[in-house]
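Residue-level listing of the chains:
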Amino acid sequence: MLVAGGTVVDQGGSRRADVLVKGEVVAEVGEGRALRAPAGADVLDASGCVVAPGLVDLHAHLREPGAEEAESIETGARAAALGGYTAVVAMPNTSPPADSAAVVRQVLQLAKGASCDVRPAGTITLGREGRVLSPMAELAALGVTLFTDDGTGVQDPGLMRRAMEYASVLGGVIADHCEDAYLVGAGVVNEGAVSSALGLPGRPAVAEEVMVLRDLALARLTGARLHLLHLSAAASVAAVRAATASGVQVTAEATPHHLALTQEWLAGYSTAFKVNPPLRTSADMMALRQGLSDGTIDVIATDHAPHPPEAKETSMCEAAPGMVGLETALAVSMTVLLDPPGSLSSPGRDNEAGQEHWTGLPLERLLAAMSWLPAKIAGLSALHGGPVAPGAPANLCVVDPARKWVVRPEKLASRSHNTPFAGQELTGKVRHTLLAGEPVVVAEEAQR
Ligand code: DOR
């Protein structure tokens, strides 16, 4: 198969190059010259497109086993492939949770033949109850590299310390959902002007900050590798910046929704914007972007959180938190973060405050945050995110950076359609995705 006419962008930079794929690997990269398609080879048109290593998501809720009405591994992986991903880490807050070898094996089994590589994360504690550690060594033996109770934070600092000690012995990473449950209380949206105006209980930014600070201190003590999930608050970014400077082994992620949206979007009481941690102020959003720009935040991860209509179409207090993201993550990120930055149609002035100072990221930095850095954190670099070079596994995405499209929830491949970006025009669309040399997404499907 020949991927013809594109510009390859990877860790080595950017160059005009055709890419010849044979079997599961890249056979030849023709820099600055057209390669001839061998007899019988298919040609994938990449003209005007970026050809990059496939994206890697550290944070996707695929809901199987147990909540297949929301998503399955098959539908989630399909959504991922359409979004340009060749690998996703499946979060363990399933039912039952991935706190045993049996469930991890089940996920691995279900993932066979999926449209992308699905890697199960394991829980930190049994049942995600925060009381007893999971059999982390057994999970690691099955290839689990990320341990997380995502959905809630581990409230007991002594237990978290032990988890970090075990994770470092096992060569794993603690992927940390940072929210102090006592400070969160019954809060459902960011605590501040918007929660007051809407008459809704607030979830303060300090609930995230205190657990970030606690776990940075524990990571310093234990030497563990800590990955901070879905950061949302400016104070958390500042804490990570200081810890990184002092040598703590920490990586951090932000989601496209926290990088693109603020609490003002909740003004219409739409539960599509309810998520944990909540959308916060424009100052928080801009601090996340700044963190991404200076490397304090390493990764953009989706926190793809599908929910069926009955879980979302209720009051703000009752509605399930979370939003789907696999099919929109790259386009939202390209639209609002790239240089020159574009914008979303937005609900109010506060959402834009500070954005005039945003100069935008280079495409290479964006792809680093969505492909090779997350691959490295999850220990997947041998297969994903690698340079596009002869002999490398052909896990690739081909993206048209100029293509504009409008998000239509009903067209998403995910079984759930709870997107906050419904009706938004985005710039940047995946044209093809190749998984181990197989074109799992080809132009027609990507243009739906
Ligand atoms: O909004 C969220 N939804 N945040 C999480 O941490 C979990 C996720 C879910 O599983 O629905």
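Residues numbered from 1 in each chain as written. Predicted model: local features only at pLDDT ≥ 70, side-chain atom pairs only at ≥ 80, totals over all residues. Heavy atoms only, no water.

Q: Where do I start with the environment of Gly-40 in this structure?
A: By secondary structure assignment, the location of Gly-40 is in the loop between β4 (25-31) and β5 (43-45). Considered as a pair, Gly-40 and Gly-247 are 207 residues apart in the sequence and their alpha carbons are 54 Å apart. (Helix = DSSP H or I, 4+ residues; strand = E, 2+ residues; numbered from the N terminus.)

Q: Got a minute to help me understand the packing of helix α12 (residues 329-337) against helix α14 (residues 363-377) in this structure?
A: Running from amino to carboxyl end, α12 crosses α14 at an angle of 150°, the nearest separation of the two axes being 11 Å. Here α12 runs over α14; the crossing is right-handed. Within the contact between the two elements, α12 uses Ala-329, Leu-330, Ser-333, Met-334 and Leu-337 and α14 uses Leu-363, Leu-366 and Met-370. Partitioned by chemical class, the residues of the contact of α12 with α14 number seven nonpolar, one polar and no charged. (Axes fitted to C-alpha atoms, helices over the stretch in contact; angles between N-to-C directions. Left-handed = near helix turned anticlockwise from the far one by under 90°. Contact = heavy atoms within 4.5 Å. Nonpolar A, V, L, I, M, F, W, Y, C, P; charged D, E, K, R; others polar.)

Q: Before we go on, may I ask you to explain the side chain of Arg-63 in this structure?
A: Its place among the elements puts Arg-63 in the loop between β7 (55-60) and α1 (73-82). A polar contact of 3.3 Å, which involves the side chain of Arg-63, links it to the side chain of His-307. (Polar contact = N/O pair within 3.5 Å; in protein donor to acceptor, adjacent residues only side chain to side chain.)

Q: Explain the site of the ligand here, please?
A: Surrounding the ligand, one finds 14 residues, the nearest of these being Arg-63, Asn-93, Asn-276, His-307 and Pro-321. Note that a nitrogen atom of the ligand is positioned 2.8 Å from one of the backbone N or O atoms of Asn-276. Protein contact buries 94% of the 290 Å² of open area that the ligand shows by itself. Taking a 2 Å distance to the grid points as the criterion, the majority of the atoms of the ligand fall inside the second largest pocket. (Near = heavy atom within 4 Å. Areas by Shrake-Rupley, 256 points an atom, 1.4 Å probe, with all protein chains shown as cover. 1 Å grid on protein atoms, 1.4 Å probe; cavity = no way out; pocket = protein on both sides within 12 Å on 5 of 7 lines; lining within 4 Å. Sits in = over half its atoms within 2 Å of the grid points.)

Q: Even after reading the chapter, I still don't get the packing of aromatic side chains, so can you show me in this structure?
A: Geometrically, a pair of aromatic rings is defined through the distance of the ring centres and the angle of the planes. Taken as a whole and assessed by the stated rule, the structure comprises one aromatic pair. The positively charged end of Arg-289 is found above the aromatic ring belonging to Trp-358, 5.6 Å away from the centroid. A cation sits over an aromatic face here: Lys-429 above Trp-405, 4.5 Å from the ring centre. (Phe/Tyr/Trp six-rings, centres within 6.5 Å; stacked < 30°, edge-to-face > 60°. Lys NZ or Arg CZ within 6 Å of the ring centre and 35° of its normal.)

Q: I tried to follow unusual backbone geometry on my own but got confused; where do I start?
A: Negative phi values dominate among residues other than glycine, just as trans dominates among peptide bonds. With an omega dihedral of 10°, the bond running from Glu-64 to Pro-65 counts as a cis peptide bond. For Pro-65, the location among the structural elements is in the loop between β7 and α1. A cis geometry characterises the amide bond from Ser-95 onward to Pro-96, with omega recorded as 0°. Inspection of the secondary structure puts Pro-96 in the loop between β8 (85-90) and α2 (101-110). A positive phi is found at Arg-128, a non-glycine position, where the angle reads about 55°. Within the fold, Arg-128 resides in the loop between β9 (117-120) and α3 (136-141). Taking the relative accessible area as the measure of exposure, Arg-128 reaches 24% and is therefore partly exposed. (Buried < 20%, exposed > 50% of the residue type's maximum accessible area, 1.4 Å probe, protein only.)

Q: In this structure, what is going on with the sheet that holds strand β15 (residues 250-254)? I would like to understand it.
A: In any sheet, the strands associate via hydrogen bonds between backbone groups, in a parallel or an antiparallel arrangement. Reading across the sheet, the five strands line up as β10-β11-β14-β15-β16 and stay open at both edges, with parallel pairing between neighbours. One side of each edge strand has no neighbouring strand; the edge strands of this open sheet are β10 (146-147) and β16 (299-300). Note that strand β14 (residues 225-228) and β15 share three bridges and pair parallel. Bridge pairing links Leu-226 to Val-250 in β15. Packed onto the sheet, helix α4 (residues 157-170) meets β11 (173-176) and β14 and runs at close to 145° relative to β11. (Pairing = 2+ DSSP bridges.)

Q: Explain empty space enclosed by the protein to me, please; I cannot follow it from the model alone.
A: Picture a little ball the size of a water molecule; that probe, rolled over the atoms, points out where space is still empty. Counted under the stated rule, the structure contains three cavities of 30 Å³ or more. In this model, the largest cavity occupies a volume close to 60 Å³. Lining the largest cavity, in full, are Leu-62, Arg-63, Glu-64, Ile-73, Ala-90, Met-91, Pro-92, Thr-94, Ala-98, Val-107, Pro-120 and Ala-121. In this structure, the second largest cavity spans a volume of roughly 50 Å³. Around the second largest cavity, the lining residues are Pro-256, His-257, Thr-302, Met-323, Val-324, Gly-325, Thr-328, Ala-329 and Phe-421. (Points joined across faces, edges and corners; volume = space filled by probe spheres on them.)

Q: Hey, could you run me through the sheet that holds β7 in this one?
A: One open sheet accounts for three strands, arranged β7-β8-β9; its pairing is parallel. Single-partner strands in this sheet number two, and they are β7 and β9. On average, each strand axis in the sheet is inclined to that of its neighbour by 20°, with strand direction left out of account. Here β8 pairs with β9 via four bridges, running parallel. Counterpart to Ala-90 in the pairing with β9 is Pro-120. Against the sheet, α14 touches β7 and β8, its axis set at about 70° to β7.

Q: When you look at the pattern of salt bridges in this model, what are you seeing that I'm missing?
A: Opposite charge on two side chains makes pairing possible when the charged atoms of those side chains draw close. Summed over the entire model, instances satisfying the criterion amount to 13 salt bridges. Taking the shortest distance from any N to any O, the salt bridge between Asp-18 and Arg-16 comes out at 3.3 Å. Asp-18 sits in the buried class, given a relative accessible area of 3%. For Asp-294, the salt bridge is made with Arg-241, and the minimal N-O distance between the two is 2.9 Å. Of this pair, Asp-294 sits in helix α10 (residues 282-294) while Arg-241 sits in helix α8 (residues 234-245), placing them 53 residues apart in sequence. For Asp-294, a relative accessible area of 41% puts it in the partly exposed group. Members of the salt-bridge network, linked through shared partners, are Asp-10, Arg-15 and Glu-31. (Salt bridge = Lys/Arg side-chain N within 4 Å of Asp/Glu carboxyl O.)

Q: Explain the nonpolar core here, please?
A: Across soluble globular proteins, nonpolar side chains show a tendency to be buried alongside one another. In this structure, Val-88, Val-118, Ile-174, Leu-216, Leu-228, Leu-337 and Leu-366 are the most contacted members of the largest nonpolar core, which totals 99 residues. Ranked by the residues each element gives to this core, the list is headed by α12, at seven residues. Those residues in contact with Leu-337, other than ones at most four positions away along the chain, are Leu-259, Arg-289, Leu-292, Ile-300, Trp-358, Gly-360, Leu-361 and Leu-366. (Core = buried A, V, L, I, M, F, W, Y, C linked by side-chain atoms within 4.5 Å.)

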